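Structural description and commentary
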Amino acid sequence: MSKPIKTSWQSRTRDEVQALCMQHNFWTWSAQAEVDPLPVERAQGVFLYDFDGQAYLDFNASVMCVNLGHGDGRVIDAIAEQARTLAFAGPHTATRVRAELGRRLAELTPPGLDRFLFTLGGADAIENAIKLARGHSGRAKILAGYNSYHGATHGALAVTGDSRRLAWEPFLMPGVVHFHTPYPYQSIFPAHWQDSDPARVASDYLDYLEQVVKSEGPSTIAAILLETVVGTNGVLVPPDGYLQGVQELCRRHGILLICDEVMAGFGRTGTWFAVEHWKVVPDLMVMAKGLTSGYAPLGALAMTDEVARSFDHRTYQGGLTFNGHPISLAAAIANLEALEQDGCIDHAHVLEPVLLEQLESLKSHSEIVGDVRGIGLFGAIELVEDRESRKPLERVPDGIPALKYVQRLARERGLFVSGRGSILLVVPPLIITPEQLREGFRKLDACLQDLQARVMDPGSVQAL
Ligand SMILES: Cc1ncc(COP(=O)(O)O)c(C=O)c1O
(Lines give C-alpha, C1' and ligand atoms only; values in the text may rest on other atoms or scores of the structure.)
Protein backbone atom coordinates (compact mmCIF):
# COMPACT_ATOMS: atom_id res chain seq x y z
CA MET A 1 0.00 0.00 0.00
CA SER A 2 1.32 3.47 -0.83
CA LYS A 3 2.23 5.71 2.06
CA PRO A 4 0.28 8.97 2.52
CA ILE A 5 2.15 12.12 1.51
CA LYS A 6 3.45 14.01 4.53
CA THR A 7 1.34 17.09 5.21
CA SER A 8 3.17 18.67 8.14
CA TRP A 9 3.67 21.79 6.01
CA GLN A 10 -0.06 22.40 6.22
CA SER A 11 0.25 23.50 9.81
CA ARG A 12 2.94 26.13 9.16
CA THR A 13 2.31 29.44 10.86
CA ARG A 14 1.78 32.76 9.15
CA ASP A 15 5.36 33.87 9.88
CA GLU A 16 6.86 30.62 8.56
CA VAL A 17 4.78 30.84 5.41
CA GLN A 18 5.69 34.48 4.89
CA ALA A 19 9.41 33.80 5.42
CA LEU A 20 9.52 30.77 3.09
CA CYS A 21 7.57 32.56 0.39
CA MET A 22 9.93 35.53 0.58
CA GLN A 23 12.96 33.20 0.51
CA HIS A 24 12.01 30.96 -2.41
CA ASN A 25 9.39 32.63 -4.55
CA PHE A 26 10.14 34.91 -7.48
CA TRP A 27 7.18 37.29 -7.71
CA THR A 28 5.55 38.27 -10.97
CA TRP A 29 4.94 41.95 -11.77
CA SER A 30 6.97 42.95 -8.70
CA ALA A 31 10.21 44.42 -7.50
CA GLN A 32 11.32 41.43 -5.44
CA ALA A 33 12.49 43.34 -2.39
CA GLU A 34 9.39 45.52 -2.24
CA VAL A 35 6.65 42.92 -2.50
CA ASP A 36 4.15 42.69 0.36
CA PRO A 37 1.98 39.62 -0.34
CA LEU A 38 -1.37 39.22 1.37
CA PRO A 39 -1.20 36.17 3.63
CA VAL A 40 -4.13 33.93 2.65
CA GLU A 41 -4.94 30.67 4.37
CA ARG A 42 -8.41 29.94 3.02
CA ALA A 43 -11.33 31.55 1.23
CA GLN A 44 -15.08 31.19 1.28
CA GLY A 45 -17.83 33.02 -0.59
CA VAL A 46 -16.75 36.66 -1.00
CA PHE A 47 -14.10 36.52 1.72
CA LEU A 48 -10.41 35.71 1.92
CA TYR A 49 -9.05 34.76 5.36
CA ASP A 50 -5.53 35.19 6.65
CA PHE A 51 -3.74 32.92 9.13
CA ASP A 52 -5.19 34.78 12.11
CA GLY A 53 -8.74 34.38 10.87
CA GLN A 54 -8.98 38.01 9.72
CA ALA A 55 -11.50 38.27 6.88
CA TYR A 56 -10.97 40.41 3.78
CA LEU A 57 -13.91 41.23 1.56
CA ASP A 58 -12.64 40.26 -1.88
CA PHE A 59 -13.40 43.30 -4.04
CA ASN A 60 -11.23 41.97 -6.87
CA ALA A 61 -12.52 38.38 -7.23
CA SER A 62 -8.86 37.56 -6.42
CA VAL A 63 -7.46 38.28 -9.91
CA MET A 64 -10.80 39.33 -11.42
CA CYS A 65 -11.57 35.67 -11.91
CA VAL A 66 -13.47 34.11 -9.00
CA ASN A 67 -16.85 34.98 -10.52
CA LEU A 68 -18.65 32.16 -8.70
CA GLY A 69 -17.12 33.02 -5.32
CA HIS A 70 -14.68 31.00 -3.27
CA GLY A 71 -15.00 27.48 -1.91
CA ASP A 72 -17.96 26.29 -3.96
CA GLY A 73 -18.44 22.61 -3.13
CA ARG A 74 -19.97 21.79 -6.53
CA VAL A 75 -16.80 22.73 -8.39
CA ILE A 76 -14.52 21.19 -5.78
CA ASP A 77 -16.41 17.88 -5.98
CA ALA A 78 -16.25 17.92 -9.78
CA ILE A 79 -12.49 18.45 -9.65
CA ALA A 80 -12.00 15.64 -7.12
CA GLU A 81 -14.19 13.28 -9.13
CA GLN A 82 -12.33 14.05 -12.35
CA ALA A 83 -8.97 13.57 -10.61
CA ARG A 84 -10.09 10.11 -9.48
CA THR A 85 -11.43 9.12 -12.91
CA LEU A 86 -8.94 10.64 -15.31
CA ALA A 87 -6.55 13.19 -13.87
CA PHE A 88 -4.73 13.70 -17.14
CA ALA A 89 -5.22 12.94 -20.81
CA GLY A 90 -3.22 14.63 -23.57
CA PRO A 91 -4.38 17.28 -26.01
CA HIS A 92 -5.32 14.73 -28.69
CA THR A 93 -7.66 12.60 -26.63
CA ALA A 94 -11.43 12.56 -26.95
CA THR A 95 -12.60 12.81 -23.36
CA ARG A 96 -16.05 13.23 -21.81
CA VAL A 97 -15.05 16.57 -20.31
CA ARG A 98 -13.76 17.92 -23.64
CA ALA A 99 -16.97 16.86 -25.35
CA GLU A 100 -19.20 18.38 -22.69
CA LEU A 101 -17.41 21.70 -22.26
CA GLY A 102 -17.37 22.31 -26.02
CA ARG A 103 -21.08 21.55 -26.25
CA ARG A 104 -21.93 23.81 -23.32
CA LEU A 105 -19.77 26.72 -24.43
CA ALA A 106 -21.27 26.56 -27.92
CA GLU A 107 -24.68 27.13 -26.30
CA LEU A 108 -23.42 30.23 -24.49
CA THR A 109 -21.19 31.93 -27.05
CA PRO A 110 -22.67 34.11 -29.81
CA PRO A 111 -24.04 32.16 -32.80
CA GLY A 112 -21.35 30.87 -35.14
CA LEU A 113 -18.62 30.71 -32.51
CA ASP A 114 -18.72 27.01 -31.81
CA ARG A 115 -15.20 25.63 -32.23
CA PHE A 116 -12.84 25.92 -29.26
CA LEU A 117 -9.14 25.64 -28.64
CA PHE A 118 -8.61 25.06 -24.92
CA THR A 119 -5.56 26.77 -23.47
CA LEU A 120 -3.92 27.23 -20.08
CA GLY A 121 -5.06 30.81 -19.58
CA GLY A 122 -5.69 34.13 -21.29
CA ALA A 123 -2.26 34.95 -22.70
CA ASP A 124 -1.82 31.70 -24.62
CA ALA A 125 -5.38 31.99 -25.94
CA ILE A 126 -4.35 35.40 -27.31
CA GLU A 127 -1.19 33.87 -28.82
CA ASN A 128 -3.37 31.32 -30.63
CA ALA A 129 -5.82 34.00 -31.75
CA ILE A 130 -2.93 35.86 -33.39
CA LYS A 131 -1.65 32.69 -35.09
CA LEU A 132 -5.08 31.69 -36.34
CA ALA A 133 -5.85 35.18 -37.64
CA ARG A 134 -2.54 35.29 -39.49
CA GLY A 135 -2.78 31.70 -40.72
CA HIS A 136 -6.36 32.13 -41.90
CA SER A 137 -5.93 35.48 -43.64
CA GLY A 138 -2.37 35.20 -44.90
CA ARG A 139 -1.90 38.77 -43.63
CA ALA A 140 0.57 39.90 -40.99
CA LYS A 141 -0.60 42.95 -39.07
CA ILE A 142 -2.60 42.95 -35.88
CA LEU A 143 -4.20 46.25 -34.82
CA ALA A 144 -4.83 46.58 -31.09
CA GLY A 145 -5.83 49.29 -28.61
CA TYR A 146 -3.38 51.38 -26.59
CA ASN A 147 -5.58 51.12 -23.53
CA SER A 148 -5.45 47.37 -23.36
CA TYR A 149 -3.90 44.41 -21.64
CA HIS A 150 -3.84 41.01 -23.34
CA GLY A 151 -1.30 38.98 -21.33
CA ALA A 152 2.36 38.68 -20.45
CA THR A 153 3.80 36.24 -23.02
CA HIS A 154 5.77 37.82 -25.85
CA GLY A 155 3.00 37.94 -28.45
CA ALA A 156 0.30 38.87 -25.95
CA LEU A 157 2.51 41.60 -24.52
CA ALA A 158 3.25 42.89 -28.03
CA VAL A 159 -0.48 43.42 -28.67
CA THR A 160 -0.96 44.88 -25.19
CA GLY A 161 -1.14 48.65 -25.52
CA ASP A 162 -0.46 49.81 -21.98
CA SER A 163 2.91 50.52 -20.40
CA ARG A 164 3.50 46.90 -19.35
CA ARG A 165 4.61 46.35 -22.96
CA LEU A 166 7.30 49.01 -22.83
CA ALA A 167 9.67 47.14 -20.50
CA TRP A 168 10.37 44.47 -23.14
CA GLU A 169 10.46 46.53 -26.31
CA PRO A 170 11.94 46.13 -28.88
CA PHE A 171 12.17 42.37 -28.33
CA LEU A 172 8.49 41.59 -28.74
CA MET A 173 6.60 40.05 -31.65
CA PRO A 174 6.64 42.32 -34.72
CA GLY A 175 3.66 43.26 -36.86
CA VAL A 176 1.52 45.09 -34.29
CA VAL A 177 0.02 48.55 -34.76
CA HIS A 178 -1.69 50.29 -31.85
CA PHE A 179 -4.55 52.75 -32.00
CA HIS A 180 -6.63 54.71 -29.50
CA THR A 181 -10.00 53.37 -28.41
CA PRO A 182 -12.89 55.33 -26.84
CA TYR A 183 -11.96 56.92 -23.50
CA PRO A 184 -14.21 59.96 -23.10
CA TYR A 185 -12.79 61.12 -19.75
CA GLN A 186 -9.19 61.27 -21.05
CA SER A 187 -10.08 61.48 -24.72
CA ILE A 188 -7.46 62.21 -27.35
CA PHE A 189 -10.20 64.42 -28.86
CA PRO A 190 -10.26 67.57 -26.68
CA ALA A 191 -13.91 68.21 -27.64
CA HIS A 192 -14.96 65.09 -25.69
CA TRP A 193 -13.76 66.67 -22.45
CA GLN A 194 -16.73 69.06 -22.67
CA ASP A 195 -19.14 66.99 -24.72
CA SER A 196 -18.91 63.24 -24.31
CA ASP A 197 -22.13 62.42 -26.13
CA PRO A 198 -21.71 58.68 -26.81
CA ALA A 199 -22.74 58.94 -30.47
CA ARG A 200 -20.12 61.63 -31.07
CA VAL A 201 -17.42 59.70 -29.19
CA ALA A 202 -18.21 56.56 -31.19
CA SER A 203 -18.15 58.30 -34.53
CA ASP A 204 -14.94 60.30 -33.85
CA TYR A 205 -13.04 57.17 -32.78
CA LEU A 206 -14.45 55.21 -35.72
CA ASP A 207 -13.41 57.87 -38.24
CA TYR A 208 -9.94 57.88 -36.70
CA LEU A 209 -9.69 54.04 -36.82
CA GLU A 210 -10.75 54.11 -40.44
CA GLN A 211 -7.84 56.46 -41.14
CA VAL A 212 -5.43 54.13 -39.32
CA VAL A 213 -6.68 51.16 -41.36
CA LYS A 214 -6.36 53.12 -44.59
CA SER A 215 -2.84 54.30 -43.73
CA GLU A 216 -1.67 50.80 -42.78
CA GLY A 217 -3.19 49.29 -45.94
CA PRO A 218 -6.33 47.21 -45.27
CA SER A 219 -5.00 44.23 -47.22
CA THR A 220 -2.04 43.92 -44.84
CA ILE A 221 -4.21 43.67 -41.72
CA ALA A 222 -5.08 40.22 -40.39
CA ALA A 223 -7.15 41.30 -37.41
CA ILE A 224 -8.33 44.06 -35.14
CA LEU A 225 -8.10 42.97 -31.52
CA LEU A 226 -10.09 44.66 -28.77
CA GLU A 227 -10.98 44.06 -25.16
CA THR A 228 -14.75 44.20 -25.49
CA VAL A 229 -14.85 46.25 -22.30
CA VAL A 230 -11.35 47.42 -21.39
CA GLY A 231 -10.51 45.97 -17.97
CA THR A 232 -7.40 46.88 -16.00
CA ASN A 233 -7.00 50.11 -17.94
CA GLY A 234 -10.17 51.43 -16.41
CA VAL A 235 -13.43 49.64 -17.28
CA LEU A 236 -13.86 51.58 -20.50
CA VAL A 237 -17.29 50.65 -21.80
CA PRO A 238 -17.46 51.34 -25.55
CA PRO A 239 -20.16 53.83 -26.54
CA ASP A 240 -23.06 52.29 -28.40
CA GLY A 241 -22.23 52.03 -32.09
CA TYR A 242 -18.46 51.76 -31.67
CA LEU A 243 -18.04 47.98 -31.68
CA GLN A 244 -20.72 47.62 -34.35
CA GLY A 245 -18.76 50.14 -36.42
CA VAL A 246 -15.49 48.26 -35.90
CA GLN A 247 -17.21 45.04 -36.97
CA GLU A 248 -18.54 46.71 -40.11
CA LEU A 249 -15.09 48.15 -40.92
CA CYS A 250 -13.55 44.70 -40.48
CA ARG A 251 -16.14 43.04 -42.74
CA ARG A 252 -15.62 45.69 -45.41
CA HIS A 253 -11.90 44.96 -45.60
CA GLY A 254 -11.83 41.22 -44.90
CA ILE A 255 -10.18 41.86 -41.53
CA LEU A 256 -10.94 39.48 -38.67
CA LEU A 257 -12.36 40.86 -35.44
CA ILE A 258 -10.92 39.37 -32.23
CA CYS A 259 -12.68 40.21 -28.97
CA ASP A 260 -10.84 39.62 -25.72
CA GLU A 261 -13.40 38.61 -23.08
CA VAL A 262 -10.87 37.27 -20.59
CA MET A 263 -12.02 39.74 -17.93
CA ALA A 264 -15.36 40.88 -19.34
CA GLY A 265 -16.75 37.39 -19.97
CA PHE A 266 -18.73 34.96 -17.83
CA GLY A 267 -21.20 37.39 -16.35
CA ARG A 268 -18.90 40.21 -15.31
CA THR A 269 -20.88 42.81 -17.29
CA GLY A 270 -24.31 41.27 -16.60
CA THR A 271 -24.41 39.09 -19.72
CA TRP A 272 -22.54 35.88 -20.41
CA PHE A 273 -20.26 37.79 -22.78
CA ALA A 274 -19.89 41.55 -23.11
CA VAL A 275 -20.28 41.43 -26.92
CA GLU A 276 -23.96 40.62 -26.33
CA HIS A 277 -24.61 44.23 -25.22
CA TRP A 278 -23.89 45.41 -28.74
CA LYS A 279 -24.93 42.26 -30.63
CA VAL A 280 -21.47 41.94 -32.11
CA VAL A 281 -20.21 38.55 -33.24
CA PRO A 282 -16.42 38.48 -33.59
CA ASP A 283 -14.55 35.93 -35.67
CA LEU A 284 -12.45 34.91 -32.70
CA MET A 285 -13.24 35.34 -29.02
CA VAL A 286 -10.76 34.89 -26.18
CA MET A 287 -11.81 33.66 -22.74
CA ALA A 288 -10.17 32.60 -19.47
CA LYS A 289 -10.52 33.75 -15.80
CA GLY A 290 -14.28 33.33 -15.11
CA LEU A 291 -14.38 30.23 -17.33
CA THR A 292 -13.38 28.21 -14.26
CA SER A 293 -13.79 31.03 -11.71
CA GLY A 294 -10.16 30.36 -10.90
CA TYR A 295 -10.72 26.83 -9.56
CA ALA A 296 -8.25 25.53 -12.18
CA PRO A 297 -6.23 27.23 -14.92
CA LEU A 298 -8.00 27.33 -18.26
CA GLY A 299 -8.50 29.59 -21.24
CA ALA A 300 -10.36 29.08 -24.47
CA LEU A 301 -10.30 30.52 -27.94
CA ALA A 302 -13.67 30.42 -29.68
CA MET A 303 -13.64 30.59 -33.47
CA THR A 304 -16.02 30.42 -36.38
CA ASP A 305 -16.21 27.35 -38.56
CA GLU A 306 -14.79 29.41 -41.40
CA VAL A 307 -11.60 30.14 -39.46
CA ALA A 308 -11.31 26.55 -38.21
CA ARG A 309 -11.79 25.16 -41.72
CA SER A 310 -8.63 26.93 -42.92
CA PHE A 311 -6.78 24.21 -41.07
CA ASP A 312 -8.85 21.24 -42.24
CA HIS A 313 -6.00 19.99 -44.41
CA ARG A 314 -3.15 22.08 -43.11
CA THR A 315 -1.49 21.34 -39.81
CA TYR A 316 -2.07 23.95 -37.15
CA GLN A 317 1.41 24.48 -35.74
CA GLY A 318 0.67 25.19 -32.12
CA GLY A 319 -0.18 23.47 -28.85
CA LEU A 320 1.00 22.83 -25.32
CA THR A 321 1.20 19.65 -23.23
CA PHE A 322 -1.59 20.71 -20.92
CA ASN A 323 -4.07 22.09 -23.51
CA GLY A 324 -7.49 20.78 -22.53
CA HIS A 325 -6.39 19.42 -19.15
CA PRO A 326 -9.26 17.22 -17.87
CA ILE A 327 -9.25 18.69 -14.36
CA SER A 328 -9.57 22.23 -15.72
CA LEU A 329 -12.29 21.20 -18.16
CA ALA A 330 -14.22 19.50 -15.33
CA ALA A 331 -13.86 22.64 -13.20
CA ALA A 332 -15.21 24.76 -16.08
CA ILE A 333 -18.24 22.53 -16.64
CA ALA A 334 -19.19 22.60 -12.95
CA ASN A 335 -18.51 26.34 -12.75
CA LEU A 336 -20.75 27.12 -15.73
CA GLU A 337 -23.47 24.91 -14.29
CA ALA A 338 -23.19 26.61 -10.89
CA LEU A 339 -23.17 30.14 -12.38
CA GLU A 340 -26.35 29.20 -14.22
CA GLN A 341 -28.04 27.45 -11.27
CA ASP A 342 -27.39 30.43 -8.99
CA GLY A 343 -28.47 33.04 -11.55
CA CYS A 344 -25.12 34.83 -11.19
CA ILE A 345 -25.29 36.50 -14.60
CA ASP A 346 -28.67 38.11 -13.89
CA HIS A 347 -27.49 38.98 -10.41
CA ALA A 348 -24.59 40.99 -11.87
CA HIS A 349 -27.08 42.83 -14.06
CA VAL A 350 -29.49 43.43 -11.17
CA LEU A 351 -26.70 44.80 -8.97
CA GLU A 352 -25.42 47.22 -11.63
CA PRO A 353 -27.57 50.11 -10.28
CA VAL A 354 -26.21 49.52 -6.77
CA LEU A 355 -22.64 49.56 -8.13
CA LEU A 356 -23.29 52.76 -10.10
CA GLU A 357 -25.02 54.47 -7.17
CA GLN A 358 -22.13 53.60 -4.86
CA LEU A 359 -19.57 54.78 -7.39
CA GLU A 360 -21.38 58.09 -7.85
CA SER A 361 -21.68 58.57 -4.12
CA LEU A 362 -17.94 58.01 -3.73
CA LYS A 363 -17.27 60.58 -6.42
CA SER A 364 -19.66 63.12 -4.92
CA HIS A 365 -17.62 63.55 -1.75
CA SER A 366 -14.06 62.85 -2.84
CA GLU A 367 -12.18 65.53 -4.75
CA ILE A 368 -9.52 63.06 -5.85
CA VAL A 369 -12.08 60.91 -7.67
CA GLY A 370 -12.21 62.31 -11.19
CA ASP A 371 -14.43 59.78 -12.88
CA VAL A 372 -16.29 56.58 -12.12
CA ARG A 373 -17.52 53.98 -14.60
CA GLY A 374 -19.26 50.67 -14.41
CA ILE A 375 -21.27 47.95 -16.09
CA GLY A 376 -22.67 44.86 -14.38
CA LEU A 377 -20.32 44.16 -11.47
CA PHE A 378 -17.37 45.72 -13.23
CA GLY A 379 -16.48 49.13 -11.82
CA ALA A 380 -13.61 51.62 -11.92
CA ILE A 381 -12.65 54.66 -9.90
CA GLU A 382 -10.23 57.04 -11.60
CA LEU A 383 -8.10 59.04 -9.16
CA VAL A 384 -6.85 62.46 -10.21
CA GLU A 385 -4.62 65.12 -8.72
CA ASP A 386 -7.37 67.63 -9.39
CA ARG A 387 -10.56 67.55 -11.38
CA GLU A 388 -9.63 70.53 -13.53
CA SER A 389 -6.48 69.04 -15.07
CA ARG A 390 -7.64 65.40 -14.82
CA LYS A 391 -4.00 64.54 -14.21
CA PRO A 392 -3.86 60.94 -12.99
CA LEU A 393 -3.02 60.58 -9.29
CA GLU A 394 -0.26 57.99 -9.48
CA ARG A 395 1.55 58.69 -6.21
CA VAL A 396 0.89 60.15 -2.78
CA PRO A 397 3.18 63.06 -1.78
CA ASP A 398 5.80 60.84 -0.09
CA GLY A 399 6.29 58.90 -3.32
CA ILE A 400 4.32 55.75 -2.52
CA PRO A 401 2.16 54.60 -5.46
CA ALA A 402 -1.43 55.67 -4.77
CA LEU A 403 -2.74 52.16 -5.43
CA LYS A 404 -0.32 50.59 -2.97
CA TYR A 405 -1.29 53.22 -0.38
CA VAL A 406 -5.00 52.48 -0.79
CA GLN A 407 -4.35 48.74 -0.71
CA ARG A 408 -2.58 49.04 2.64
CA LEU A 409 -5.36 51.17 4.10
CA ALA A 410 -7.94 48.74 2.75
CA ARG A 411 -6.12 45.76 4.19
CA GLU A 412 -6.28 47.33 7.64
CA ARG A 413 -10.04 47.63 7.17
CA GLY A 414 -10.55 44.05 5.96
CA LEU A 415 -10.92 44.85 2.27
CA PHE A 416 -8.97 43.44 -0.65
CA VAL A 417 -8.86 45.80 -3.64
CA SER A 418 -6.74 46.08 -6.73
CA GLY A 419 -6.30 48.23 -9.79
CA ARG A 420 -3.58 49.80 -11.84
CA GLY A 421 -1.82 53.16 -11.58
CA SER A 422 -4.46 55.74 -10.77
CA ILE A 423 -7.37 53.35 -11.35
CA LEU A 424 -9.07 51.35 -8.61
CA LEU A 425 -11.21 48.46 -9.72
CA VAL A 426 -14.35 47.02 -8.18
CA VAL A 427 -14.63 43.46 -9.47
CA PRO A 428 -16.21 41.33 -6.73
CA PRO A 429 -17.40 37.73 -7.06
CA LEU A 430 -20.80 37.75 -8.77
CA ILE A 431 -22.45 36.27 -5.68
CA ILE A 432 -21.90 39.43 -3.63
CA THR A 433 -25.03 40.73 -1.90
CA PRO A 434 -26.11 44.39 -2.15
CA GLU A 435 -25.26 44.83 1.53
CA GLN A 436 -21.77 43.36 1.11
CA LEU A 437 -21.22 45.61 -1.90
CA ARG A 438 -22.26 48.68 0.12
CA GLU A 439 -20.07 47.57 3.01
CA GLY A 440 -17.08 47.31 0.66
CA PHE A 441 -17.77 50.81 -0.62
CA ARG A 442 -18.01 52.14 2.95
CA LYS A 443 -14.53 50.76 3.60
CA LEU A 444 -13.21 52.08 0.30
CA ASP A 445 -14.72 55.48 1.01
CA ALA A 446 -12.88 55.65 4.33
CA CYS A 447 -9.62 54.74 2.55
CA LEU A 448 -10.14 57.45 -0.06
CA GLN A 449 -10.90 60.05 2.62
CA ASP A 450 -7.58 59.14 4.19
CA LEU A 451 -5.77 59.26 0.85
CA GLN A 452 -7.36 62.63 0.05
CA ALA A 453 -6.21 64.06 3.37
CA ARG A 454 -2.70 62.84 2.65
CA VAL A 455 -2.73 64.38 -0.84
CA MET A 456 -4.21 67.70 0.27
CA ASP A 457 -2.22 68.00 3.50
CA PRO A 458 0.67 65.50 3.67
CA GLY A 459 1.46 66.28 7.34
CA SER A 460 -2.05 65.55 8.59
CA VAL A 461 -2.01 61.77 8.28
CA GLN A 462 0.41 59.33 9.75
CA ALA A 463 2.59 57.62 7.12
CA LEU A 464 1.82 53.94 6.60
C1 LIG B 1 -8.33 41.31 -20.91
C2 LIG B 1 -7.27 40.32 -20.58
N3 LIG B 1 -6.74 39.56 -21.56
C4 LIG B 1 -5.79 38.64 -21.31
C5 LIG B 1 -5.31 38.46 -20.03
C6 LIG B 1 -4.25 37.44 -19.78
O7 LIG B 1 -4.78 36.37 -19.09
P8 LIG B 1 -3.83 35.40 -18.23
O9 LIG B 1 -3.33 36.17 -17.08
O10 LIG B 1 -4.75 34.26 -17.86
O11 LIG B 1 -2.74 34.94 -19.15
C12 LIG B 1 -5.83 39.23 -18.99
C13 LIG B 1 -5.32 39.06 -17.61
O14 LIG B 1 -5.55 39.83 -16.73
C15 LIG B 1 -6.83 40.18 -19.27
O16 LIG B 1 -7.34 40.95 -18.31
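Residues numbered from 1 in each chain as written. Predicted model: local features only at pLDDT ≥ 70, side-chain atom pairs only at ≥ 80, totals over all residues. Heavy atoms only, no water.

A word on the overall build of the chain. Looking only at helices and strands, the chain has 14 helices and 15 strands in total. The C-alpha radius of gyration computed for the chain amounts to 22 Å, which stays within 12% of the reference 23 Å derived for 464 residues, consistent with globular compactness. Considering only C-alpha atoms, the chain reaches an extent of 75 × 70 × 45 Å along its principal axes. In the chain, which comprises 464 residues, the proportion classed as buried is 53%. Taking as baseline every contact in the chain between residues at least 6 positions apart, the subset at least 24 positions apart corresponds to 70%. Only carbon and sulfur atoms are counted for the fraction: they give 54% of the accessible area of the chain, which is about 20500 Å². Side chains of the chain give 42 positive and 55 negative charges; the mean places of these two sets differ by 5 Å. (Helix = DSSP H or I, 4+ residues; strand = E, 2+ residues; numbered from the N terminus. Rg over C-alpha atoms; globule rule 2.2 N^0.38 Å. Buried < 20%, exposed > 50% of the residue type's maximum accessible area, 1.4 Å probe, protein only. Contact = heavy atoms within 4.5 Å. Areas by Shrake-Rupley, 256 points an atom, 1.4 Å probe, with all protein chains shown as cover. Lys, Arg positive; Asp, Glu negative; His and termini not counted. Charge placed at Lys NZ, Arg CZ, Asp CG, Glu CD.)

So, about the sheet that holds strand E7 (residues 221-227). Across the sheet, seven strands lie side by side as E4-E10-E9-E8-E7-E5-E6; this open sheet has mixed pairing. Of all the strands in the sheet, the pair left with one neighbour each is strand E4 (113-119) and strand E6 (176-179). The average undirected angle you get between the axes of adjacent strands in this sheet is 20°. Bridge count between strand E8 (residues 256-260) and strand E9 (residues 284-287): three bridges; the pairing is parallel. Paired with Asp-260 across the strands is Val-286, a residue of E9. Against the sheet, helix H4 (residues 96-108) contacts E4, E9 and strand E10 (299-304), and its axis sits at roughly 135° relative to E4. The sheet contacts of helix H8 (residues 198-216) involve strand E5 (141-145), E6 and E7, and relative to E6 the element is tilted by about 155°. (Pairing = 2+ DSSP bridges. Axes fitted to C-alpha atoms, helices over the stretch in contact; angles between N-to-C directions.)

With that settled, consider the pattern of salt bridges. Tallied over the entire structure, the rule returns 28 salt bridges. One salt bridge connects Arg-252 with Glu-210, and the closest N-O pair in it is separated by 2.9 Å. One end of the pair, Arg-252, is in helix H9 (residues 242-253); the other, Glu-210, is in helix H8, and 42 residues separate them in sequence. Notably, a salt bridge pairs Arg-252 with Glu-248, separated by 3.0 Å at the nearest N-O pair. With Arg-252 and Glu-248 both in helix H9, this residue pair falls four residues apart, about one helical turn. A relative accessible area of 43% means that Arg-252 is categorised as partly exposed. Given the relative accessible area of 41%, Glu-248 is considered partly exposed. (Salt bridge = Lys/Arg side-chain N within 4 Å of Asp/Glu carboxyl O.)

A word on the site of the ligand. The ligand sits among Gly-121, Gly-122, Ala-123, Tyr-149, His-150, Gly-151, Glu-227, Asp-260, Val-262, Met-263 and Lys-289. Tyr-149 is positioned with one of its backbone polar atoms (N or O) 3.4 Å from a nitrogen atom of the ligand. Here a nitrogen atom of the ligand sits 2.6 Å away from a polar atom, N or O, in the side chain of Asp-260. With the chains in place, 81% of the 390 Å² that the ligand exposes on its own is no longer accessible. (Near = heavy atom within 4 Å. Polar contact = N/O pair within 3.5 Å; in protein donor to acceptor, adjacent residues only side chain to side chain.)

All right, on to the pairing of strand E15 (residues 423-426) then. Alternating positions in E15 separate into two faces, Ile-423 and Leu-425 on one and Leu-424 and Val-426 on the other, with burial throughout. For strand E12 (residues 378-383) and E15, the ladder comprises four bridges, and the chain directions are antiparallel. For Ile-381, the partnering residue across the bridge sits in E15 and is Leu-424.

Residues Phe-59, Leu-105, Ile-224, Tyr-242, Ile-381, Leu-437 and Leu-451 are the most contacted members of the largest nonpolar core, which totals 110 residues. Looking at this core element by element, the count peaks at nine residues for helix H11 (residues 326-341). The residues contacting Ile-224, other than those within four sequence positions of it, are Leu-143, Phe-179, Leu-209, Val-213, Val-246, Cys-250, Ile-255, Leu-256, Leu-257 and Ile-258. One finds Ile-142, Val-159, Ala-288 and Leu-301 within the second-largest nonpolar core, a separate group that totals 31 residues. (Core = buried A, V, L, I, M, F, W, Y, C linked by side-chain atoms within 4.5 Å.)

The next point concerns H8. The periodicity of an α-helix, 3.6 residues per turn, causes residues three or four places apart in sequence to face the same way. Between its terminal C-alpha atoms H8 stretches 27 Å, which fits the 27 Å expected from 19 residues at 1.5 Å a residue. Within H8, the full set of buried residues consists of Val-201, Ala-202, Tyr-205, Leu-206, Leu-209, Val-212 and Val-213. Taken end-on, H8 shows its buried residues confined to a sector of 120°, consistent with a single buried face. Seen from the open side of H8, the exposed residues pointing more than 90 degrees away from its buried face are Lys-214 and Ser-215. Where H8 is buried, its residues contact E5, E6, helix H7 (191-194), E7 and H9. (Expected span 1.5 Å × (residues − 1). Arc of directions from axis to C-beta.)

Here the focus is unusual backbone geometry. With an omega of 5°, the peptide bond between Glu-169 and Pro-170 qualifies as cis. Topologically, Pro-170 is positioned in the loop between helix H6 (154-159) and E6. Positive phi is not limited to glycine here, since Ala-61 has a value of about 40°. By the element assignment, Ala-61 lies in helix H2 (residues 61-64). The phi torsion at Phe-266 lies on the positive side, around 55°, for a residue other than glycine. Relative to the helices and strands, Phe-266 resides in the loop between E8 and E9. The buried category is assigned to Phe-266, whose relative accessible area is 0%.

Keep in mind these numbers describe shape, not what the thing actually does.
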